Number of protein chains: 2
Amino acid sequence: LSVNPFWPRIFYFLSVSLLGFGVLKAIKPRTDSFKPRNLDLFFTSVSSVTVSSMSTVEMEVFSEAQLVVITILMFLGGEVFTSMTALFISNLKQKLRRFGAKVGNHSHPENIINGGIESGIPMTNSNPETLREDDHSRKFLSFVVLGYLLAVNLIGAAVVSLYISFDSTAGSILKSKGLKLFTFSVFTAVSSFTNCGFIPTNENMVVFRKSPGLLLIIIPQILLGNTLFPPFLRFSIWVLGKVVKKVGKDSDYLLKNTGGIRYPHLLPSRRSWCLVVTVLGFLVTQVVLFLVLEWNLEPFNGMNSFERIVGVLFQSLNARHAGETILDISTISAASLVLATVCMYLPPYATYLFLKEKEEEKHLKKRRERSRKNGVSNIAYLSIFVILVCITERENITQDPLNFNVFNIVLEVVSAYGSVGFTMGYSCK
Amino acid sequence: LSVNPFWPRIFYFLSVSLLGFGVLKAIKPRTDSFKPRNLDLFFTSVSSVTVSSMSTVEMEVFSEAQLVVITILMFLGGEVFTSMTALFISNLKQKLRRFGAKVGNHSHPENIINGGIESGIPMTNSNPETLREDDHSRKFLSFVVLGYLLAVNLIGAAVVSLYISFDSTAGSILKSKGLKLFTFSVFTAVSSFTNCGFIPTNENMVVFRKSPGLLLIIIPQILLGNTLFPPFLRFSIWVLGKVVKKVGKDSDYLLKNTGGIRYPHLLPSRRSWCLVVTVLGFLVTQVVLFLVLEWNLEPFNGMNSFERIVGVLFQSLNARHAGETILDISTISAASLVLATVCMYLPPYATYLFLKEKEEEKHLKKRRERSRKNGVSNIAYLSIFVILVCITERENITQDPLNFNVFNIVLEVVSAYGSVGFTMGYSCK
Ligand SMILES: [K+]
Ligand SMILES: [K+]
């Protein structure tokens with residue numbers, strides 16, 4: 001009978017998608033000659049809000065105004081923004097409830113308990129002093145997340161536009177495509193931070209593969225917005241606590257009570273470190289395998305060593321989970337593709353390290369139990385999807401086995417599941 | 001410092017394999033014209049003992065005497081036989097320990113504790129009366145397993161030879177291949193019961209695809225020896241308890257104390273039922289999908305409806321984990337192959353049902369936790385193997401993408417991992 005947090009979320013994504021579709025539809029596309037179909041526009045809106053970057057239409061059909069709308073949709077759909085909003089709402093609810101409890105004496109005890117559970121405050125902290133500290137810290141946390149979100153996106157956009165104004169190659173590409181520097185920078189910064197992976201060019205990042213500087217700017221943007229968000233959030237809280245005396249107490253409280261706060265991106269210290277190690281571990285493995293196997297890959301022709309290394313780093317990173325590409329991934333060797341598929345499958349905060357800390361034991365155990373349970377059923381769902389696609393595509397599989405083979409189907413299904421957005425495309429070889 | 005049960009097992013399999021190799025080498029093959037290489041003989045011996053049926057040499061090169069040796073190797077390597085042997089040894093150890101404790105008073109308490117854990121008796125049952133009942137029941141259990149093992153194999157062999165002496169088609173096939181009825185029947189019964197999957201013909205069961213009677217005899221043999229062993233063992237214990245008054249108490253004790261006995265194939269009632277439902281569920285799914293998608297498969301030409309249905313049932317069942325085949329599996333559609341790969345991956349006693357029973361809760365939780373942990377690392381190992389094969393075969397993958405593609409590699413790796421023994425072969429299309 002209690003409201004499942006699943007439904008508000010679905011409602012939010014659906015209504016933002018519909019609104020986005022309406023606005024995209026109302027605005028004129030870039031040229032009058034080609035008008036995207038309604039379905040394509042709706043799909044673009046959903047892809048932006050769910051940050052999956054699966055597109056059925058080329059990006060350059062969108063006008064500047066439409067690109068701005070897509071930027072806003074990606075921003076509104078990003079995990080950092082939605083989780084921050086949930087945090088602000090829960091804080092507000094809590095405030096109203098406390099206020100109500102102070103005014104009226106006949107409030108139902110049940111409501112308080114349910115409210116407490118819903119807003120994530122464990123009932124053990126029933127001490128009024130602790131409760132106040134808890135409220136205060138949660139408020140502090142929500143503003144830290146807000147600051148982080150704005151800072152990373154604004155700085156990212158600024159650095160991208162600064163870089164492009166100095167790099168004549170990248171600048172001329174934008175000019176030839178009729179893209180404004182400002183729109184492109186903000187779009188790319190937001191898309192990378194939310195790990196959506198849309199880029200306003202038809203070729204995604206392929207046209208920028210010889211601009212290692214731009215890739216090196218986008219790489220931290222992608223990391224800060226997804227897999228490395230928890231460690232850097234923790235780091236921000238720690239730094240603020242040290243620098244600003246006023247919030248020292250809140251900072252300490254947050255860093256120590258990660259479990260009680262129940263903000264899903266605030267992780268304990270040890271787990272944050274494990275996350276950093278895991279992310280870097282997978283990245284390094286991917287990069288090494290990629291460099292060894294595909295040094296002389298055809299798309300790398302005309303790129304020097306530095307450009308290749310940065311390109312490989314960029315491409316490997318994008319398997320988790322932004323999905324931006326600097327090359328046609330169907331040209332990559334099978335071994336790298338299998339590893340990329342594994343990486344796409346992994347949830348953002350997967351940590352495969354032995355982690356044990358007494359205080360966190362219990363909390364972690366639950367979380368791990370849950371993630372393992374999910375692991376099994378996720379594989380079941382993925383298998384069912386792959387089998388269904390194999391059934392519907394069985395004509396193509398027999399007639400065109402090079403383009404329609406089981407591994408390509410698995411890769412596409414996993415890519416969609418992890419909302420990465422990689423695709424093998426259709427080769428005419 | 002304690003002896004890990006892993007090492008005695010490895011030592012056992014290794015020494016039996018080496019012994020088997022020596023005996024196979026000493027016996028003359030069927031013809032003088034072709035002598036299998038030493039490596040092939042050793043591989044055949046290892047494949048028999050590990051019941052994986054991966055073969056590098058055609059089966060018809062082996063003489064009758066060599067086939068008998070392979071039968072013995074499969075019998076010695078089968079899970080029911082090895083687990084029974086472990087049970088007998090642990091019972092004997094226990095007896096000696098109790099005797100030693102009675103004679104000498106200065107036995108180390110540590111030894112008793114270690115011994116108790118090793119032989120699987122929980123220390124909570126320290127009451128002498130319970131201990132005696134426990135010993136008695138374990139002895140009863142070991143003889144039930146022995147009886148089950150002998151009965152199923154002997155009856156299976158008898159029914160196979162009886163059937164073939166009435167089916168002229170199957171009989172003439174054996175005659176044309178120069179195989180004796182007795183050798184063939186015992187070999188097939190043991191190979192099916194242990195889920196090894198070797199058949200003394202070069203074509204495995206393909207030559208018998210139009211003998212539905214033979215397939216219907218082998219199907220229960222495969223089930224009784226692997227996935228449905230625990231339910232039928234439980235059933236046997238229950239029936240014996242009802243019929244033979246003398247063992248009624250032991251039977252009751254065994255059925256109630258499945259956890260305490262720690263014989264891995266004696267499962268609680270509910271879990272046994274879940275296992276039956278899971279096995280049948282996967283089997284029915286596979287059969288339905290197979291029938292719908294491949295009714296007009298080329299190898300089915302000239303087979304009537306009944307033969308096709310039995311053939312499909314047989315082929316589907318063999319994915320878990322016997323690996324006998326009535327058709328070239330590379331002709332099967334991708335959807336069925338993906339499902340077969342999932343089935344090959346599943347451990348024999350996988351139960352994907354919601355099972356909750358208060359008394360068994362704790363015990364199950366541990367087991368499930370463990371199986372889930374294994375699930376994650378198994379997938380990691382499989383991914384690593386697939387990536388390694390993709391690296392070593394990268395030349396073939398680029399030059400001959402139809403025969404060497406990622407899905408074929410995944411299928412072979414999973415097949416080897418589940419010791420099924422399916423292979424896609426090499427097609428010259
Ligand atoms: K994405
Ligand atoms: K097998």
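The structure this text deals with has already been given above.
It should be emphasised that the depicted structure is a prediction, and the values quoted were computed from it without experimental measurement.

(A) Structural detail: the side chain of A:Ser415. In this structure, A:Ser415 sits in helix α18 (residues 406–417). Setting aside chain neighbours within four positions, we find A:Ser415 in contact with A:Met344, A:Val420, A:Gly421 and A:Phe422.

(B) How the structure looks around helix α2 (residues 38–49) of chain B. All names here are of chain B. Taking 1.5 Å per residue as the helical rise, α2 with its twelve residues ought to reach 16 Å, and the 17 Å between its terminal C-alpha atoms agrees with that figure. Here α2 has its buried residues at Asp 40, Leu 41, Thr 44, Ser 45, Ser 47, Ser 48 and Val 49. Each element contacted by the buried residues of α2 is listed here: α1 (6–26) and α3 (64–77). Note on α2: the residue one or two positions beyond its end, Val 51, has a positive phi of about 45 degrees.

(C) Quick look at the coordination of the potassium ion (ligand 1). Residues and elements named next belong to chain A. Bound to the potassium ion (ligand 1) on the protein side are Val 51 (O), Asn 195 (O), Cys 196 (O), His 321 (O), Ala 322 (O), Ser 419 (O) and Val 420 (O), at distances that span 2.7 to 3.2 Å. Within one chain, the residues donating to the potassium ion (ligand 1) are spaced in sequence as V-x143-N-C-x124-H-A-x96-S-V. Here Cys 196 is found in the loop between α8 (181–193) and α9 (212–225), whereas its partner Ala 322 is found in the loop between α14 (305–317) and α15 (334–345), with 126 residues between them in sequence. Accessibility assignment for this pair places Cys 196 and Ala 322 in one class, buried.

(D) Seen up close, unusual backbone geometry. The residue after A:Arg320, namely A:His321, is reached through a cis peptide bond having omega -10 degrees. Here A:His321 shows up in the loop between α14 and α15. Its identity is not glycine, yet B:Asn204 carries a phi of approximately 55 degrees, on the positive side. Position of B:Asn204 among the secondary structure elements: in the loop between α8 (181–193) and α9 (212–225). Despite not being glycine, B:Ser419 shows a phi value in the positive range, around 40 degrees. Inspection of the secondary structure puts B:Ser419 in the segment after α18 (406–417). On the accessibility criterion, B:Ser419 (23% relative accessible area) is partly exposed.

(E) Representation of the coordination of the potassium ion (ligand 2) in the model. Residues and elements named next belong to chain B. Listed as protein donors to the potassium ion (ligand 2) are Val 51 (O), Asn 195 (O), Cys 196 (O), His 321 (O), Ala 322 (O), Ser 419 (O) and Val 420 (O); their distances from the metal cover 2.7 to 3.2 Å. Each donor residue of the potassium ion (ligand 2) belongs to the same chain, with the gaps between them written as V-x143-N-C-x124-H-A-x96-S-V. Given the relative accessible area of 0%, Val 420 is considered buried.

(F) Spatial organisation of the pattern of salt bridges. Residues and elements named next belong to chain B. Following the criterion strictly, the structure yields 14 salt bridges over all chains and no others. Two residues, Arg 30 and Glu 64, come together in a salt bridge whose shortest N-O distance is 3.6 Å. Of this pair, Arg 30 sits in the loop between α1 and α2 while Glu 64 sits in helix α3; the two residues are 34 residues apart in sequence, bridging distant segments of the chain. Taking relative accessible area as the criterion, Arg 30 reaches 31% and is therefore assigned partly exposed.

What counts and how
Residues numbered from 1 in each chain as written. Chains lettered and ligands numbered in written order. Predicted model: local features only at pLDDT ≥ 70, side-chain atom pairs only at ≥ 80, totals over all residues. Heavy atoms only, no water. Helix = DSSP H or I, 4+ residues; strand = E, 2+ residues; numbered from the N terminus. Contact = heavy atoms within 4.5 Å. Expected span 1.5 Å × (residues − 1). Buried < 20%, exposed > 50% of the residue type's maximum accessible area, 1.4 Å probe, protein only. Donors = N, O, S within 2.8 Å, 3.2 Å for Na, K, Ca; no water. Salt bridge = Lys/Arg side-chain N within 4 Å of Asp/Glu carboxyl O.

Remember, this is a structural readout, not a statement about activity or role.
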